[in-house]
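Coordinate analysis (summary)
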Amino acid sequence: MATVQLFSQFPCKARVSSSAISKYLPKTPVLVPMSSICRRPVLSTRGIAVSRADFRARATDAEDEWGSDLVETGSATLMAEEAIEAVEETERLKRTLVDSLYGTDRGLNASSETNAEIGDLITQLESKNPTPAPTEALFLLNGKWILAYTSFVGLFPLLSRGIVPLVKVDEISQTIDSDNFTVQNSVRFAGPLATTSISTNAKFEIRSPKRVQFKFEQGVIGTPQLTDSIEIPEYVEVLGQKIDLNPIRGLLTSVQDTASSVARTISSQPPLKFSLPGDNAESWLLTTYLDKDIRISRGDGGSVFVLIKEGSPLLNP
């Protein structure tokens, strides 16, 4: 048996007759100690002897050659599915946040419960920030951003409480020019006759992957622009009290005509520019979330700002 096993390790395709084999065999049996016999089982395939250890090694090699590709493909598919789920979750959070801002007048009229809900959504969104180094992605920062929410309740408190009748804050925006490292903060006011704006111009410097430093240089009062259509409301609200305008509508129409003539004269004048005091000339912002639609920033006073990129579908309710 041992001789046959030894022979099978040297396979040959030529046929060997039994007489030829017996020619080389001893005439008397030879006793071989069992310890000298290899007890490792041998698999034979078409005359080729292969040990189980060799078979396992070759099977492992085959698995490495073909199975690794399958494993890598499966891992890539799983990673792609997880990435898609993460994007969908982020988009859902963005829409939920924007919906929660409805009716809050940029956060100035939000209740404490609403502010808490908005704050929680902001924190969740910040944890999924796709741009960990916003100042290294200036192409995303570049452009006009519309303020949708702020926790800074001191922003134009008089107007938010209706102290000035017939005038409201129409838009608050920030325009970033990343090529020239400039920022313009602008507030647009809308009245029954015209719209105007007050802006501040600043230079900014990059201080960290998330932080920029502003140095304000100039303020600008824009030239009033006449509205296309002027409508006199039925009432105005002053300090929480409604005042009916119907009894004096005729008088208001006459005043409106005179004011419109004055507004045309004023609108032909250039914007009024003025310097800013040094005490309020510097500030900084930390951008904690940034993508093509939404930017979340935190200011040096602890306030938070949510801004939406001009042209984003999120601006449409």
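Presented here is an overview of the structure given in this document.

Quick notes on the rules
- Residues numbered from 1 in each chain as written.
- Predicted model: local features only at pLDDT ≥ 70, side-chain atom pairs only at ≥ 80, totals over all residues.
- Heavy atoms only, no water.
- Core = buried A, V, L, I, M, F, W, Y, C linked by side-chain atoms within 4.5 Å.
- Buried < 20%, exposed > 50% of the residue type's maximum accessible area, 1.4 Å probe, protein only.
- Helix = DSSP H or I, 4+ residues; strand = E, 2+ residues; numbered from the N terminus.
- Contact = heavy atoms within 4.5 Å.
- Pairing = 2+ DSSP bridges.
- Patch = residues over 30% accessible without salt bridge, like charges linked within 9 Å, V, L, I, M, F, W, Y side chains within 5 Å.
- Areas by Shrake-Rupley, 256 points an atom, 1.4 Å probe, with all protein chains shown as cover.
- Salt bridge = Lys/Arg side-chain N within 4 Å of Asp/Glu carboxyl O.
- Lys, Arg positive; Asp, Glu negative; His and termini not counted.
- Charge placed at Lys NZ, Arg CZ, Asp CG, Glu CD.
- Phe/Tyr/Trp six-rings, centres within 6.5 Å; stacked < 30°, edge-to-face > 60°.
- Lys NZ or Arg CZ within 6 Å of the ring centre and 35° of its normal.
- Expected span 1.5 Å × (residues − 1).
- Arc of directions from axis to C-beta.

Looking at the nonpolar core
Counting residues in each nonpolar core, the largest one holds 21 residues, and the members touching the most others are L147, I172, I176, F204 and F214. Going through the elements one at a time, α5 (138–141), β3 (143–150), β4 (168–177), β5 (182–190), β6 (194–206), β7 (211–221), β12 (282–290) and β14 (304–309) are the ones with two or more residues in this core. Beyond its immediate sequence surroundings of up to four residues, I176 is in contact with L141, N142, G143, W145, T182, V183, F204 and R295. One finds V98, L121, I122 and I296 within the second-largest nonpolar core, a separate group that totals 17 residues.

Quick notes on the pairing of β6
Both β5 and β6 contribute to a ladder of nine bridges, which runs antiparallel. Bridge pairing links S186 to S199 in β6. With nine bridges joining them, β6 and β7 adopt antiparallel strand pairing. Pairing of I206 across the sheet is with V212, part of β7. Between β6 and β7, which pair antiparallel and follow one another directly, the connecting turn spans four residues.

Let's talk about a negative patch on the surface
Together, E81, E82, E85 and E88 make up a region of like negative charge exposed at the surface. Position of E81 relative to the elements: it lies in helix α3 (residues 52–100).

Description of the packing of aromatic side chains
Under the defined criterion, the tally for this structure stands at three aromatic pairs. Summarising the aromatic geometry, the rings of F181 and F204 are spaced 5.2 Å apart at their centres and angled 50 degrees between planes, so their arrangement reads as tilted. With a gap of 23 residues between them, F181 in the loop between β4 and β5 and F204 in strand β6 connect regions that are remote in the sequence. What makes F204 buried here is its relative accessible area of 6%. Taken together, the aromatic side chains of F181, F204, F214 and F216 make up a single cluster linked through ring pairs. Lying across the ring of W284, R211 places its NZ or CZ 4.5 Å from the centre.

Some words on the pairing of β3
Each regular strand shows side chains that alternate between the opposite faces of the sheet. The element β3 is largely enclosed, with a buried count of six among its eight residues. In this sheet, β4 lies alongside β3 in antiparallel orientation, the contact comprising four bridges. Counterpart to G143 in the pairing with β4 is I176. By the bridge criterion, five bridges tie β3 to β14 in an arrangement that is antiparallel.

Notes on unusual backbone geometry
Here the phi dihedral of D105 falls at roughly 50 degrees; this positive angle occurs in a residue that is not glycine. Tracing the backbone through its elements, the reader meets D105 in the loop between α3 and α4 (112–126). Positioned with a positive phi, F181 is a non-glycine residue whose angle comes to about 55 degrees. By relative accessible area, which is 32% here, F181 ends up partly exposed.

Quick word on the environment of T223
Assignment of secondary structure puts T223 in the loop between β7 and β8 (225–226). Take T223: its relative accessible area is 14%, and that puts it in the buried class. A C-alpha to C-alpha distance of 5.1 Å links T223 and P271, two positions 48 residues apart in sequence.

What to know about the pattern of salt bridges
Enumeration according to the criterion identifies 13 salt bridges in this entry. For E91, the salt bridge identified is with K94, shortest N-O distance 3.1 Å. Placement of both E91 and K94 in helix α3 is noted, with a separation of three residues, approximately one turn of the helix. Where K94 meets D291, a salt bridge forms, and the shortest distance between an N and an O atom there is 2.9 Å. Note that K94 is positioned in helix α3 and D291 in the loop between β12 and β13 (294–299), a separation of 197 residues in sequence. Given the relative accessible area of 1%, K94 is considered buried. Look at D291 and you get buried, because its relative accessible area is 10%.

Some points on the environment of V304
Tracing the backbone through its elements, the reader meets V304 in strand β14. Note on V304: relative accessible area 7%, which makes it buried. Spatially, the C-alpha atoms of V304 and L285 are 9.4 Å apart, while their sequence positions differ by 19 residues.

Topic: α4
Along its 15 residues, α4 runs 21 Å from first to last C-alpha, staying within 8% of the 21 Å computed at 1.5 Å per residue. Of the positions making up α4, those classed as buried are I118, L121, I122, L125 and E126. One side of α4 holds all its buried residues, which, seen down the axis, span an arc of 135 degrees. The exposed set on the far side of α4, more than 90 degrees from its buried face, consists of S112, E113 and A116.

Fair warning: the whole summary comes from geometry, so function is off the table for now.
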